[in-house]
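So the chains spell out like this:
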2 protein chains.
Amino acid sequence: MAFSPLVDQLLDALRVLPGVGPKTAQRMAMHLLERDRDGGRQLARVLMQAAEDVGYCQRCRTLTEQPLCELCESPRREDRLLCIVESPGDMLAIEEAGGFRGRYFVLHGHLSPLDGIGPDDLGLDALDAVMEQAGVDEVILATNPTVEGEATAHYLAQQLKPRGVTLSRLAYGVPMGGELEYVDGGTLSRAFMGRQPFND
Amino acid sequence: MAFSPLVDQLLDALRVLPGVGPKTAQRMAMHLLERDRDGGRQLARVLMQAAEDVGYCQRCRTLTEQPLCELCESPRREDRLLCIVESPGDMLAIEEAGGFRGRYFVLHGHLSPLDGIGPDDLGLDALDAVMEQAGVDEVILATNPTVEGEATAHYLAQQLKPRGVTLSRLAYGVPMGGELEYVDGGTLSRAFMGRQPFND
């Protein structure tokens, strides 16, 4: 025996969510059906609308339901600075950290030949269009500090070098607030190589 | 800055799910929008349909979109045995364990005066109807082994006693496969009180 067919379908459907296995799906379904049907209806409505309407910003390719995202619409950002990131979440993290006043470009992934993700899948034609139009003179390659992120940064650097723009990458080093004892060796040796003059 | 209004709405809507905070909601939304829109649409459809159509079985009150659940429809279950549980999940757990061939009644909760949950909220009029019609002669009070579950079992026992049915409660004792060292004191002392003759 199991639950009724429709409840079983709901259990299956909930498992598309990352990190949700059979037990969690059951807990979620019971919560929605027993205690929060209005919340469930609202989730269903918003999820359907988002799946239909959310697309990519025509300029920076972040997720938005408008042709251009709020940040690309803003006249107060500097066109000459462009930060290239792998995901909309990375873009949000940088915005929340504060300090960067330029614009963004979202790749939606990284180069990964084994998964069949090549340059064409990262919207590089859209990137070319931004580079042509915006008068960018510095590009910050803020792909993730992973093997794939590094490879993607190197590829982008090769593509962008002929344009004569300044290229940079985020600094590697020890994270703030951590203890050296627990920092991995690779990070530590990069932090040594990148050591900075100490100004008292 | 945040995501676009519709994506932010999706993050909020996902937080109705139990155990989902801001970070998990973001991970779920990004997964659905970036990698599995079809799964997201399917979840939205099924969730809406379930929130609208799933109700209570007219007889046992478990969750079902039909007037009577599959188990109440089955002619192969014994009408004379009735197992009263707190939730549809408890009913499923007992079915999966196997061995019980009677019917069920689902309270959808337990007595909890502080939360304003009294006898009327547990469908006891429906329980009376079942007791009248079905020729029940044994009721297993399988509410949870918690303070509220115990109190609910005692209340139900008082209500059902005048009917002259046999009343029972699940055995307390040490769980199978556990080590005594890690069993809590309350459970251990109940297991001692309920010790059984050993037949070699």
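Treat the numbers as computed from the prediction; the structure is a model and nothing was measured.

Student: With reference to specific residues and values, describe the sheet that holds strand β3 (residues 81–85) of chain A.
Tutor: Residues and elements named next belong to chain A. Read from one edge of the open sheet, four strands run β4-β3-β5-β6, paired in parallel fashion. Edge strands, defined here as strands with exactly one partner in the open sheet, are β4 (103–106) and β6 (166–169). Recorded for the sheet is a direction-independent mean angle of 25° between the axes of neighbouring strands. Sheet topology places β3 next to β4; four bridges connect them, and they run parallel.

Student: How would you sum up the domain arrangement of chain A? Please name residues and give values.
Tutor: What the domain assignment lists for chain A is domain 1 (5–53), domain 2 (76–169) and domain 3 (171–200). Look at where the C-alpha atoms of domain 1 of chain A and domain 2 of chain A centre, and you get two points 35 Å apart.

Student: Tell me about the pattern of salt bridges, and name the residues and values.
Tutor: Residues and elements named next belong to chain B. Following the criterion strictly, the structure yields 20 salt bridges over all chains and no others. Residues Asp79 and Arg103 are paired through a salt bridge, measuring 2.4 Å at the closest nitrogen-oxygen approach. Taken together, the residues Asp79 in the loop between α4 (70–73) and β3 (81–85) and Arg103 in strand β4 (residues 103–106) connect sequence positions 24 residues apart. In this structure Asp79 comes out as partly exposed when scored by relative accessible area, which is 33%. Taking the relative accessible area as the measure of exposure, Arg103 reaches 6% and is therefore buried. As a salt-bridge pair, Arg80 and Asp137 come within 3.1 Å of each other at their nearest N and O atoms. In this pair, Arg80 sits in the loop between α4 and β3 while Asp137 sits in the loop between α6 (124–134) and β5 (138–141), placing the two residues 57 residues apart along the sequence. Overall, the relative accessible area of 38% leaves Arg80 in the partly exposed class.

Student: How would you explain the UniProt feature "zinc finger region: C4-type" (unreviewed entry) in chain A if you had to name every residue and give the values?
Tutor: According to UniProt, the "zinc finger region: C4-type" (unreviewed entry) feature falls on residues 57–72 of chain A. Within the segment residues 57–72 of chain A, helix and strand shares are 19% and 12% respectively, and the terminal C-alpha atoms sit 8 Å apart.

Procedures and definitions
- Residues numbered from 1 in each chain as written.
- Chains lettered and ligands numbered in written order.
- Predicted model: local features only at pLDDT ≥ 70, side-chain atom pairs only at ≥ 80, totals over all residues.
- Heavy atoms only, no water.
- Pairing = 2+ DSSP bridges.
- Helix = DSSP H or I, 4+ residues; strand = E, 2+ residues; numbered from the N terminus.
- Axes fitted to C-alpha atoms, helices over the stretch in contact; angles between N-to-C directions.
- Domains from an automatic or database assignment.
- Salt bridge = Lys/Arg side-chain N within 4 Å of Asp/Glu carboxyl O.
- Buried < 20%, exposed > 50% of the residue type's maximum accessible area, 1.4 Å probe, protein only.
- UniProt positions renumbered as here; feature names shortened; annotations may be inferred.

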